[in-house]
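Single-letter residue listing:
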Amino acid sequence: MTVSPKETTAAFSAAVQQQPSSSCSLDRRCVGVTALTARREPWMNSLLHEPALASLLQQHGSPLNVVTADPMLANVRELDGVAKARSLDFRVFFARKANKCLTFVNAAPLAGSGIDVASLNELEQTLDAGIAASDIICTAAIKNAALVDVCIRNGITLTIDNEDELLLITHTAQNLAKPAAVAIRLSGFVHDDNKLKSRFGVDIEQCESFAKTIPSNHVRVTGLHFHLDGYCAHQRVSAITQSLAVVSQLRQQGHPIQFLDIGGGFPISYLHRGEQWEAFWTEHRCALLGQRSPLTYRNHGLGLIAVDGKIAGAPNSYPYYQTPTRSAWLAKILDSPVTGRTIADQIRDHALQLRCEPGRSILDGCGMTIARVEFRKQNAEGDWLIGLSMNRTQCRTSSDDFLVDPIVIASPEAAGEESREQNNAEPMEGFLVGAYCTESELISLRKLRFPAGIQRGDLVAFPNTAGYLMHFLESRSHQFPLAKNLVYDARSQTPWMLDKIDAE
Ligand SMILES: *Cc1c(COP(=O)(O)O)cnc(C)c1O
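Residues numbered from 1 in each chain as written. Predicted model: local features only at pLDDT ≥ 70, side-chain atom pairs only at ≥ 80, totals over all residues. Heavy atoms only, no water.

Undergrad: Hey, could you run me through the overall build of the protein chain in this one?
TA: Within the protein chain, the regular secondary structure consists of 15 helices and 25 strands. Relative to the compact-globule value of 23 Å for 504 residues, the protein chain shows a C-alpha radius of gyration of 25 Å, a close match. When each of the 504 residues of the protein chain is scored for burial, the buried share is 56%. A fraction of 72% describes how many contacts in the protein chain between residues 6 or more apart in sequence connect residues 24 or more apart. When the accessible surface of the protein chain is split by element, carbon and sulfur atoms take 50% of a total near 21200 Å². (Helix = DSSP H or I, 4+ residues; strand = E, 2+ residues; numbered from the N terminus. Rg over C-alpha atoms; globule rule 2.2 N^0.38 Å. Buried < 20%, exposed > 50% of the residue type's maximum accessible area, 1.4 Å probe, protein only. Contact = heavy atoms within 4.5 Å. Areas by Shrake-Rupley, 256 points an atom, 1.4 Å probe, with all protein chains shown as cover.)

Okay, here's the thing in structure tokens:
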């Protein structure tokens, strides 16, 4: 089945016009116990009203990832604005491991962003897309000889993590008779009297002696780099302050340090309202203590556990609601005073370019994953199990669950079936289950309510999945094909194009 681009464009404009009133009606077909309502970009609401959606899934398979780069441009601009207001020399390097689509690589120069690559394939595709070497940094956790070779040949800066990497880089630079540019990755910062432990980087206390072993005829240390786990702004303030001291030490050794790269981890919110996030965890704790009905499949703890009538553990989830986010978070770091000068002042005092490598926060608002309902059945406990053509690696990161209410779109075809007539107004409650053959194969562990039922052929959309959720863990177990990635451009004659990553 093919979809005429003209038809979809017309439908798109119609949908844009009806959007405000209809956007909240979208939220009524599926509400979690308790509700976690998604923040959505206007394009997502338009897409969810797009009549061609079901046939796009017929054509490309289920689930289907839909991406668009427009919000990326705004997200980078937001960060640039914060730095500019503080007169900083500043550069974003988008961490493309957060999403494999080439759409985002191609959009980076338009956004004024560079690219952070984490593998040889990511690097080669980025070079093939015509991105300049000076706009690329390679932060791969494991750097084999082939990757190091391509970096040095092309003049791409590498982060350096350990002595063996230094030997390989030195050796390669020597053989190619071309000096390598590197940024030393630092770790082991002290924050609130605790050392921030990490598997990555050179310990900050060892950096000065490590740098002395670097043969400056072959390896130029042009920057310092760190990337911290978590989203704590205060930890970044500690790490920047301590890195600046190392900048001075290394410059005294003669290393031409030009930039400080503070990595990623810029926070975002997936939800509209903080109260919902608070209420969810309050109710979930009550459920784990047996004080109310479960919010999750078999009362899964999501990182918490009830012990002797008390809750222990910590939520194993992304903070789906948090504040401040993205640019406000960056501003908070830059405006933090340390010994009478702000962080921004100190970076300027050191004549450094400030760099960062956000992934998730740059892709905020850039994607959605949509799957088709294949069956419904009631289990022995009376819960409905809704089977989707999708598996859990297609909307998941390393945390326990995607804690955002999905959106149900009634299929026009299903609407015509008898089953719809019979069940139309019947509310249902249960879980979304996926295609892998394990008992634990749930698309979401959360119990969901479908006030007007849900049917075979209906679509279930997961909002804001571009950052990590689509691709980070996707697997081909059972030999299911990987989900296709469709680029949505409402302004184009052909608003639906497969991303080039899917081109054979
Ligand atoms: C993953 C990663 C990033 C991006 O992190 P986000 O949380 O997506 O902003 C940046 N730099 C390095 C070195 C990383 O490993």
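Right, picking up where we left off after that structure.
Undergrad: Would you mind going over the domain arrangement of the protein chain with me for this structure?
TA: You'll often see interface size given as the accessible area lost when the parts meet. For the protein chain, the domain assignment lists domain 1 (15-68 + 366-503), domain 2 (70-267 + 322-356) and domain 3 (274-313). Measuring from the centre of the C-alpha atoms in domain 1 to the corresponding centre in domain 2 gives 36 Å. Opposite the 19 residues of domain 1 that make contact, domain 2 presents 13 residues. Across the contact surface, domain 1 and domain 2 share two salt bridges. Ionic pairing is found between Arg491 and Asp70, a salt bridge with its closest N-O pair at 3.1 Å. (Domains from an automatic or database assignment. Salt bridge = Lys/Arg side-chain N within 4 Å of Asp/Glu carboxyl O.)

Undergrad: Honestly, the confidence of the model for the protein chain in this entry has me stumped. Any pointers?
TA: Caution applies to low-pLDDT regions: their predicted coordinates should not be interpreted in detail. On average, the protein chain scores 93 in pLDDT, and the residues at 70 or more come to 92%. Predicted confidence for residues 1-21 stays below pLDDT 50, and this span has 34 contacts to residues more than four positions away or in other chains. (pLDDT = per-residue confidence, 0-100.)

Undergrad: What's the story with the site of the ligand in this structure? I'm lost.
TA: Near the ligand you find 14 residues, and of these Lys97, Gly265, Glu357, Arg360 and Tyr468 are the closest. Between a nitrogen atom of the ligand and a side-chain N or O atom of Glu357, the distance comes to 2.7 Å. Arg360 is positioned with one of its backbone polar atoms (N or O) 2.9 Å from an oxygen atom of the ligand. Within the complex, the protein chains bury 87% of what would otherwise be the 390 Å² of accessible surface of the ligand. Of the residues in the shell around the ligand, the class split is three nonpolar, six polar and five charged. (Near = heavy atom within 4 Å. Polar contact = N/O pair within 3.5 Å; in protein donor to acceptor, adjacent residues only side chain to side chain. Nonpolar A, V, L, I, M, F, W, Y, C, P; charged D, E, K, R; others polar.)

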